[in-house]
There are 2 protein chains.
Amino acid sequence: MKTQTIEKINLFSQEEKIIAQVILGDCLEALKNVKPNSVDLIVTSPPYVDQRDGTYGGIKPGEYVAWFLPRSAELLKVLKPTGTFILNIKEKVVDGERHTYVLDLIREMKRQGWFWTEEFIWHKKNCYPGKWPNRFRDAWERLLQFNKRKQFHMYQEAVMVPMGDWAKVRLKNLSETDKIRDNSKVGSGFGKNISKWVGREMAYPTNVLTMATETSNKNHSAVFPNELPSWFIKLFTKRGDIILDPFLGSGTTSVAALELDRNSIGIEIKKEYFDLAIQNINRQIRP
Amino acid sequence: MKTQTIEKINLFSQEEKIIAQVILGDCLEALKNVKPNSVDLIVTSPPYVDQRDGTYGGIKPGEYVAWFLPRSAELLKVLKPTGTFILNIKEKVVDGERHTYVLDLIREMKRQGWFWTEEFIWHKKNCYPGKWPNRFRDAWERLLQFNKRKQFHMYQEAVMVPMGDWAKVRLKNLSETDKIRDNSKVGSGFGKNISKWVGREMAYPTNVLTMATETSNKNHSAVFPNELPSWFIKLFTKRGDIILDPFLGSGTTSVAALELDRNSIGIEIKKEYFDLAIQNINRQIRP
DNA sequence: GTTCCGCATGAATCGATAG
DNA sequence: ACTATCGATTCATGCGGAA
């Protein structure tokens, strides 16, 4: 097991540093070294069934739940009582029908002590192309929200969006500096001020997120776009909090956390991705 | 049990009539009088879990699966081997978390002999408003596709959409004559011609449907918008086929079937809605 | 005939109050 | 403690009337 720590000076309080920690190893083992009740948000997209090569031992649909449960047990330990776990997952088509391992997983995680608070939908606007005789392209994935308690931290103002038809027009008209300023204010805890500032022109979002997948990265299998962890980080954490991604991949979650001045812990089993994540995180600090 | 039959002259073959049959009663009983293996498509939105004592006895979350299973068993009997069952449903929040009765229902229906082929998402653009400290507005519902076999009839060309409008059903902008013309062509098996006619500008949709609910309908609250059954009727049936809705409500499914020159059977337990459905169906024939 | 504005209307959920 | 009822909250849509 190898750990790399990357530091970034916090622009808002110079004494405080933002830390991105990246760990090489299986999260089942690595998580045992993470302090219990210390993480504010877990957001991850675990390896899909049979998608990656046999790194995790070639998980088959029928074995997925048994493979995941010991890991979610560790996640339950490290999460703060007020924290949230966002799990991005979608069941595969097996033999012409949707497999039930995700539904089974929800049930078993509830039995494990998790609350299944909500299911967000990630609507992928530019989904994977293709044509089949008996089904259309799959344009959505589940974003399952689990909690340890019914009460948890949520900063809804941080993700407010322009109202109705204004949305599309207005969003395009915002300059890049406006966007950055928005993020800064939100990160600084001025979210409420924003909502007051714009008054009736902002609305709370729904549980359907429409985001395009990032196609720019040709090297790696389609991970989620930066916008996705970014949205949940803004919604469920404040500046200085700790974000965990037990299946870090190319480091998207850590990069998003760093951008928003949150500390992060990322765990990745594959050396190739571990190196890539560190590279991407460093690029965020010094582009 | 009372049955009303409404006939409409088929514009394409004068000898043949399109029939809309509406039955008053509990579908559990009424379905036993429907011929086995005769229905091409079942599309329905059953009563959701209600706290209030409703017509079905105020089904509680924990009782929902047991209530539904005997009815889905009857549906399995009447559906053709090549037919499809589309179930519109969404689980409620109970005690701060999503209840699992829908997930349980999927599992039990599989055990009953159904194939769970796909899960479409209905993205409701105008969802119910409201604000809560720990969740956002619910803007989506499940559209579960079940089949008796892995091979079933599907006419993908019938629901092709203009490119760039993926997953958006923009029938509203089409004039009434355009709608009829389109439907006629599709119903006549000219779907492929349409796709050739417009050439590159048409694309297959995805498994995410974006439609608004019909709220300000003068007469009654439409359960789902006309476009919803209409879309699945075009996708899974051809002209002259038989559509079944065991929870007809205000008759939306029958009206959509009639518009598209499909025969229909609608079952409704509540006299008030039974009458309303007949009224709405008649209005479709003679506006 | 357009366009614009005002208004009623929801398959909701939470928290408090009451039996 | 546990269940039933009620008010407050909130926003996209489509209708009707007005300019």
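Residues numbered from 1 in each chain as written. Chains lettered and ligands numbered in written order. Predicted model: local features only at pLDDT ≥ 70, side-chain atom pairs only at ≥ 80, totals over all residues. Heavy atoms only, no water.

**What about the sheet that holds strand β3 (residues 39-44) of chain A?**
Residue and element names in this part refer to chain A. What counts, and what does not: By the convention used here, strands pair only if DSSP detects at least 2 bridges between them. Per the convention used, a helix needs a DSSP run of H or I reaching at least four residues, while a strand needs a run of E reaching at least two, with both numbered from the N terminus. Think of each axis as a best-fit line through the C-alpha atoms, taken over the contacting stretch in the case of a helix, with angles from 0 to 180 degrees between the N-to-C directions. Any two residues having at least one pair of non-hydrogen atoms within 4.5 Å are treated as being in contact.
A sheet is described by the order of its strands in space; here 9 strands give the open sequence β1-β2-β13-β12-β3-β4-β8-β7-β11, paired in mixed fashion. Strand pairing shows two members of the sheet lacking a second neighbour, β1 (2-9) and β11 (208-211), which therefore form its edges. Across the sheet, the axes of successive neighbouring strands diverge by a mean angle of 20 degrees, strand direction being ignored. Lying over the sheet, helix α3 (residues 101-112) contacts β4 (79-89), β7 (115-124) and β8 (140-147), oriented at roughly 5 degrees with respect to β8. Against the sheet, helix α7 (residues 227-236) engages β3, β4, β7, β8, β11 and β12 (242-245), with an angle of about 140 degrees to β11.

**Here's the deal with the environment of K77 of chain A**
All names here are of chain A. Applicable threshold: Burial classes follow relative accessibility: with a 1.4 Å probe on protein chains only, a residue under 20% of its type's maximum area counts as buried, one over 50% as exposed, and anything between as partly exposed.
Tracing the chain through its elements places K77 in helix α2 (residues 64-78). K77 gets classed as partly exposed once you look at its relative accessible area, which sits at 47%. For the pair K77 and T213, spaced 136 residues apart in the sequence, the C-alpha separation amounts to 32 Å. Not counting residues up to four positions away in its chain, the partners in contact with K77 are P36, N37 and K148.

**With respect to the packing of aromatic side chains**
For any pair of aromatic rings, the description rests on two quantities: the centre-to-centre distance and the angle between the ring planes. For the record, the criterion: By convention, a stacked pair of Phe, Tyr or Trp rings (six-membered ring in the case of Trp) has centres within 6.5 Å and planes under 30 degrees apart, an edge-to-face pair has planes over 60 apart, and any other such pair is tilted.
Inspection of every chain in the model, using the stated rule, returns 31 aromatic pairs over all chains. Judged by centre distance (6.0 Å) and plane angle (55 degrees), the rings of W67 of chain A and F68 of chain A are tilted. We note that W67 of chain A, like F68 of chain A, is buried. Summarising the aromatic geometry, the rings of F85 of chain A and F146 of chain A are spaced 6.0 Å apart at their centres and angled 40 degrees between planes, so their arrangement reads as tilted. Separated by 61 residues along the polypeptide, F85 of chain A in strand β4 and F146 of chain A in strand β8 bring together distant segments of the chain. For the residue pair F85 of chain A and F146 of chain A, the accessibility class agrees, reading buried in each case. Each member of the aromatic cluster is reached from another via a ring pair, and the members are F136 of chain A together with F120, F152, Y204, W231, F232 and F236 of chain B.

**Thoughts on the protein's contact with DNA strand C**
All names here are of chain B. The condition that has to hold: Put simply, a residue is near a molecule or strand once any heavy atom of it comes within 4 Å of that molecule or strand. Throughout this description, a polar contact denotes any pair of N or O atoms lying within 3.5 Å of each other; where both atoms belong to protein, one of them has to be capable of donating a hydrogen while the other can accept it, and for residues adjacent in sequence the pair is counted only when both atoms sit in side chains.
The full set close to DNA strand C counts 16 residues, and S45, P46, Y48, Y128 and W132 are the nearest of them. Across the atoms of DNA strand C situated within 4 Å of the protein, the share located in sugar and phosphate is 43%. Here P46 contributes a backbone N or O atom positioned 2.7 Å from a base nitrogen of DNA strand C. Here a phosphate oxygen of DNA strand C sits 3.4 Å away from a polar atom, N or O, in the side chain of R98.

**Remarks on the confidence of the model for chain A**
Basically, it comes down to this: The predictor reports its confidence for every residue as pLDDT, a score running from 0 up to 100.
Per-chain confidence: chain A averages 84 in pLDDT, with 80% of residues scoring 70 or above. In this model residues 165-199 of chain A is a low-confidence stretch, pLDDT under 50, and it forms 27 contacts with partners more than four residues away in sequence or in other chains.

**Concerning the interface of chain A and chain B**
Put simply, the test is: When two components associate, each loses some accessible surface as probed by a 1.4 Å sphere; the sum of these losses over both components is called the buried area.
With 48 residues of chain A at the contact, the number on the chain B side is 49 residues. Both sides of the chain A and chain B interface together cover about 4,400 Å² of buried area, and 53% of this is carbon and sulfur. For the chain A face of the interface with chain B, the top three residues by lost area are W116, F136 and R137 of chain A, together amounting to 18%. Here chain A and chain B share 33 residue pairs in polar contact (both at pLDDT 80 or more) between them. Among the elements of the structure, β6 (97-98), α3, β7, β8 and α7 of chain A are those that each provide at least two residues to the side of chain A that touches chain B. If one sorts the elements of the side of chain A that touches chain B by residue count, β7 of chain A sits on top with 8 residues.

**Let's talk about the pattern of salt bridges**
Heads up, the rule is: Each reported salt bridge corresponds to a side-chain nitrogen of Lys or Arg within 4 Å of a carboxyl oxygen of Asp or Glu.
This model, assessed by the stated rule, comprises 41 salt bridges over all chains. One salt bridge in this structure joins D40 of chain A and K80 of chain A, with 2.9 Å as the shortest N-O distance. Of this pair, D40 of chain A sits in strand β3 while K80 of chain A sits in strand β4, and the two are 40 residues apart along the sequence. Owing to a relative accessible area of 6%, D40 of chain A belongs among the buried residues under this scheme. Between E119 of chain A and R142 of chain A there is a salt bridge, with its nearest N and O atoms 2.7 Å apart. Residue E119 of chain A is found in strand β7, and its partner R142 of chain A is found in strand β8; the two are separated by 23 residues along the sequence. Each member of the pair, E119 of chain A as well as R142 of chain A, carries the same accessibility label: buried. Put simply, E91, E119 and R142 of chain A together with E91, E119 and R142 of chain B are held in one network by salt bridges that share partners.

**Examining the environment of L24 of chain B**
In this structure, L24 of chain B sits in strand β2 (residues 17-24). For L24 of chain B, a relative accessible area of 16% puts it in the buried group.

**With respect to the sheet that holds strand β4 (residues 79-89) of chain B**
Backbone hydrogen bonds are what pair the strands of a sheet, in a parallel or an antiparallel way. Residue and element names in this part refer to chain B. Overall, mixed pairing links the 9 strands, which are arranged β1-β2-β13-β12-β3-β4-β8-β7-β11 in an open sheet. With partners counted over all chains shown, the strands left at the sheet margins are β1 (2-9) and β11 (208-211), one partner each. Geometrically, the sheet is characterised by an average inter-axis angle of 20 degrees between neighbouring strands, direction not taken into account. Bridge count for β2 against strand β13 (residues 263-268) is 5 bridges, and the pairing is parallel. Note that in β13 the partner of A20 across the bridge is S264. Across the sheet, helix α7 (residues 252-259) lies against β1, β2, β3 (39-44), β12 (242-245) and β13, angled at about 175 degrees from β13, the strand it touches most.

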